[in-house]
Amino acid sequence: MAKIGLFYGTQTGVTQTIAESIQQEFGGESIVDLNDIANADASDLNAYDYLIIGCPTWNVGELQSDWEGIYDDLDSVNFQGKKVAYFGAGDQVGYSDNFQDAMGILEEKISSLGSQTVGYWPIEGYDFNESKAVRNNQFVGLAIDEDNQPDLTKNRIKTWVSQLKSEFGL
């Protein structure tokens, strides 16, 4: 089975915990390499045909600082032919007007560089006003809200990883 590169940025540890749960649901470190984007270079993404990108929305609709620092460097990555899935951590109640914006910002940039987005997720079950992560009435990836729906996280990850296994062709 081809290795999957999971790259995440985290400020408070929530996104890292989600990344670790995704890795375990896939079957562990023999299948998914975890990479904290704070300790990675954009060129590290070139090593994988299958990528999972995780980023919390920070402040008012912004990228987490480590992703912000590497954002322009993404232009140098060859995303042609890569399948990329996204997940984000956000607060749909406190930040209803920009829920999961960071996930949408990254997906827009990376897909414009030639990748294929996989892992779309339904917006049903969430209560928010606006999001840069919504395309065709669905999220571009898995939306996690540990602030308001922590009881749904485990099942959402399980369902999403099952979907990704199929979409990655694994």
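All of these numbers come straight from a predicted model, not from anything done at the bench. (Residues numbered from 1 in each chain as written. Predicted model: local features only at pLDDT ≥ 70, side-chain atom pairs only at ≥ 80, totals over all residues. Heavy atoms only, no water.)

Chemist: Sorry, what's going on with helix α4 (residues 153-167) here?
Modeler: Since the α-helix advances by 3.6 residues per turn, residues separated by three or four positions end up pointing in the same direction. For α4, built from 15 residues, the straight-helix expectation of 21 Å at 1.5 Å per residue is met to within 8% by its first-to-last C-alpha distance of 21 Å. Within α4, the full set of buried residues consists of T153, R156, I157, W160, V161 and L164. Along the axis of α4, the buried positions cluster into a sector of 125°, meaning they face one direction only. Pointing more than 90 degrees away from the buried face of α4 are the exposed residues K154, N155 and S166. Looking at the buried residues of α4, the elements they touch are α1 (14-26), β3 (50-58), β5 (83-89), β6 (116-118), β7 (121-122) and β10 (142-144). Looking one or two residues past α4, G169 carries a phi angle of roughly 75°, positive in sign. (Helix = DSSP H or I, 4+ residues; strand = E, 2+ residues; numbered from the N terminus. Expected span 1.5 Å × (residues − 1). Buried < 20%, exposed > 50% of the residue type's maximum accessible area, 1.4 Å probe, protein only. Arc of directions from axis to C-beta. Contact = heavy atoms within 4.5 Å.)

Chemist: For this particular structure, what's the right way to read the UniProt feature "domain: Flavodoxin-like" in the protein chain?
Modeler: The sites that carry the UniProt feature "domain: Flavodoxin-like" are, in the present numbering, residues 4-165. Secondary structure content for residues 4-165 is 27% helix and 25% strand, and the end C-alpha separation is 11 Å. (UniProt positions renumbered as here; feature names shortened; annotations may be inferred.)

Chemist: Would you take a moment to explain the side chain of D91 for this structure?
Modeler: Structurally, D91 can be placed in the loop between β5 and α3 (101-112). Salt bridges are absent for the buried D91, whose nearest opposite-charge side chain, R156, sits at 11 Å. Here the side chain of D91 touches G94 through a polar contact of 2.8 Å, landing on its backbone nitrogen. For D91, the contacting residues outside a window of four places in its chain are S96, F99, D145, D147 and N148. (Lys, Arg positive; Asp, Glu negative; His and termini not counted. Salt bridge = Lys/Arg side-chain N within 4 Å of Asp/Glu carboxyl O. Polar contact = N/O pair within 3.5 Å; in protein donor to acceptor, adjacent residues only side chain to side chain.)

Chemist: Is there a simple way to think about the sheet that holds strand β9 (residues 138-139) in this case?
Modeler: Strands belonging to one sheet form pairs held by backbone hydrogen bonds; the direction of such a pair is parallel or antiparallel. Here we have 3 strands laid out as an open sheet, ordered β7-β9-β8, and antiparallel in their pairing. Each of the sheet's edge strands pairs with one partner strand only, and the pair in question is β7 and β8 (134-135). In terms of strand pairing, β7 meets β9 through 2 bridges, oriented antiparallel. Across the sheet, the residue bridging to W121 is F139, located in β9. (Pairing = 2+ DSSP bridges.)

Chemist: Looking at this structure, I do not really get the nonpolar core. What am I missing?
Modeler: Among soluble globular proteins, nonpolar side chains are generally buried collectively. In terms of nonpolar packing, the biggest core is built from 53 residues, with I22, F26, I52, W67, F87 and F139 touching the most fellow members. The set of elements that each furnish at least two residues to this core consists of β1 (4-8), α1, β3, α2 (65-70), β5, α3, β10 and α4. The residues touching F26, leaving out its near neighbours within four places in the chain, are I4, I31, V32, I52, V161, L164, K165 and F168. (Core = buried A, V, L, I, M, F, W, Y, C linked by side-chain atoms within 4.5 Å.)

Chemist: Quick question: what am I supposed to make of the pattern of salt bridges here?
Modeler: Two side chains with opposite charge may pair up if their charged atoms get near one another. Taken as a whole and judged by the stated rule, the model has 4 salt bridges. Between K3 and D33 there is a salt bridge, with the nearest N and O atoms lying 2.6 Å from each other. Pair noted here: K3 is in the segment before β1 and D33 is in strand β2 (residues 32-36), with a separation of 30 residues, a long-range link. Given the relative accessible area of 32%, K3 is considered partly exposed. Measuring nitrogen to oxygen at the nearest pair gives 2.9 Å for the salt bridge that ties R135 to E107. With R135 in strand β8 and E107 in helix α3, the pair connects residues that are 28 residues apart, well separated along the chain. Judged by relative accessible area, which is 24%, R135 ranks as partly exposed.

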